[in-house]
Amino acid sequence: MQHEAIKYQVWSYPTSPQAGLADDKMPRILLAEDNSLDQVSIRRLLEKGNVQVHCVDNGRDAVDEARSGRYDLILMDILMPEMDGFVATLKIREEEQAARGGTVPIIALTAYSLKAIQDKCRSVGMNGYLSKPMSARELRAVCGLFCVLPPGEGAEPEACGTLPILDEEEALENLGGVRPLYDELVDMFIDQAPHLIDHLADLVRAGDTEATKRHIRRLMVSADTIGAKRLAHLCSHIQSSLDGGNLDDCAQWTAQLPHELELLTNTILLDRDGL
């Protein structure tokens, strides 16, 4: 995701995507969308990625379908007849809480990415939002955070499944295949990143937006240089929260940085040990 043109934000997702609930392990996604053109285009994008899709055209039916517990993810349009996406999500969350079971991830589909809309999505229990119109790449990037996506028809390798913790091959290619340079940059990153992340947390707590923007940009570029895809992606969310003036989101995302850095460090060490 390019932070200059925010197409989606996800503020709550698992450490690793889940395998499909269906017997064949294919992800099952519920698409709640009343616009027939949008419904067809989104369904086809998903089905090209070998995902099972069930469509409904109003919030009331979305609540009924969610009650079945058959879905790995719900894509919920926020403006629908009979019951809008906000009310439908509230009802789904209320029923989940009463049943004391798990919660199905819900992503809002919206043509509006205003902060007020984002705040309302969060307040009713949604996990994020995706702006319409969307590309197959953007759709898979969001869905891949929650579901293990099989390779799609003609999908680009980097768009398949969720973001990797480390894409060493791409980073090496960008550096002209010079392995000693790459290893040196990785060592520098591992040495410097913990201090930079600690400093970022201090800046966020102090409310120093401009300094936080400079430091998060530095961390994002460095992470991208060594191929740390998930960490760079998380930095982009922090950047977009800062750009939107949403400091609460920024603090929540920043708190996840140490965990992502730990995953990255462990991946690098395992790769070097040949495990």
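Residues numbered from 1 in each chain as written. Predicted model: local features only at pLDDT ≥ 70, side-chain atom pairs only at ≥ 80, totals over all residues. Heavy atoms only, no water.

1. Here's the deal with the pattern of salt bridges
- For the coordinates displayed, the defined rule picks out 15 salt bridges.
- Salt-bridge contacts for K229 lead to E170; the nearest nitrogen and oxygen are separated by 2.5 Å. With K229 in helix α9 (residues 229-243) and E170 in helix α6 (residues 168-174), the pair connects residues that are 59 residues apart, well separated along the chain.
- For K229, a relative accessible area of 17% translates into the label buried.
- Of the charged contacts in the structure, one is a salt bridge between R179 and D183, with a shortest N-O distance of 3.3 Å. Of this pair, R179 and D183 are both found in helix α7 (residues 179-206), four residues apart, which corresponds to roughly one turn of the helix.
- Residue classification places R179 among the partly exposed residues on the basis of a relative accessible area of 33%.
- A network of salt bridges, in which partner residues are shared, links E33, D38, D77 and K132. (Salt bridge = Lys/Arg side-chain N within 4 Å of Asp/Glu carboxyl O. Helix = DSSP H or I, 4+ residues; strand = E, 2+ residues; numbered from the N terminus. Buried < 20%, exposed > 50% of the residue type's maximum accessible area, 1.4 Å probe, protein only.)

2. A few points about the UniProt feature "modified residue: 4-aspartylphosphate" (unreviewed entry) in the protein chain
- Here, UniProt's "modified residue: 4-aspartylphosphate" (unreviewed entry) annotation points to D77.
- Assignment of secondary structure puts D77 in strand β4 (residues 73-77). (UniProt positions renumbered as here; feature names shortened; annotations may be inferred.)

3. Some thoughts on a nonpolar patch on the surface
- A contiguous nonpolar surface patch, about 340 Å² in accessible area, is contributed by L79, Y112 and L114.
- Here Y112 lies in the loop between β5 (106-110) and α4 (115-123).
- The class for Y112 is partly exposed, based on a relative accessible area of 47%. (Patch = residues over 30% accessible without salt bridge, like charges linked within 9 Å, V, L, I, M, F, W, Y side chains within 5 Å. Areas by Shrake-Rupley, 256 points an atom, 1.4 Å probe, with all protein chains shown as cover.)

4. Topic: the packing of helix α8 (residues 209-225) against α9
- Across the interface, α8 lies against α9 with an axial gap of 9 Å and an inter-helix angle of 160°. With respect to α9, the axis of α8 lies roughly antiparallel. α9 is crossed by α8, and the crossing has left-handed handedness. Two secondary-structure elements touch here, α8 through T209, T212, K213, I216, R217, L219, M220, A223 and D224 and α9 through K229, L231, A232, C235, S236, I238, Q239, L242 and D243.
- Residues belonging to the contact of α8 with α9 are distributed by class as follows: nine nonpolar, four polar and five charged. (Axes fitted to C-alpha atoms, helices over the stretch in contact; angles between N-to-C directions. Parallel < 35°, antiparallel > 145°, perpendicular 65-115°, else oblique. Left-handed = near helix turned anticlockwise from the far one by under 90°. Contact = heavy atoms within 4.5 Å. Nonpolar A, V, L, I, M, F, W, Y, C, P; charged D, E, K, R; others polar.)

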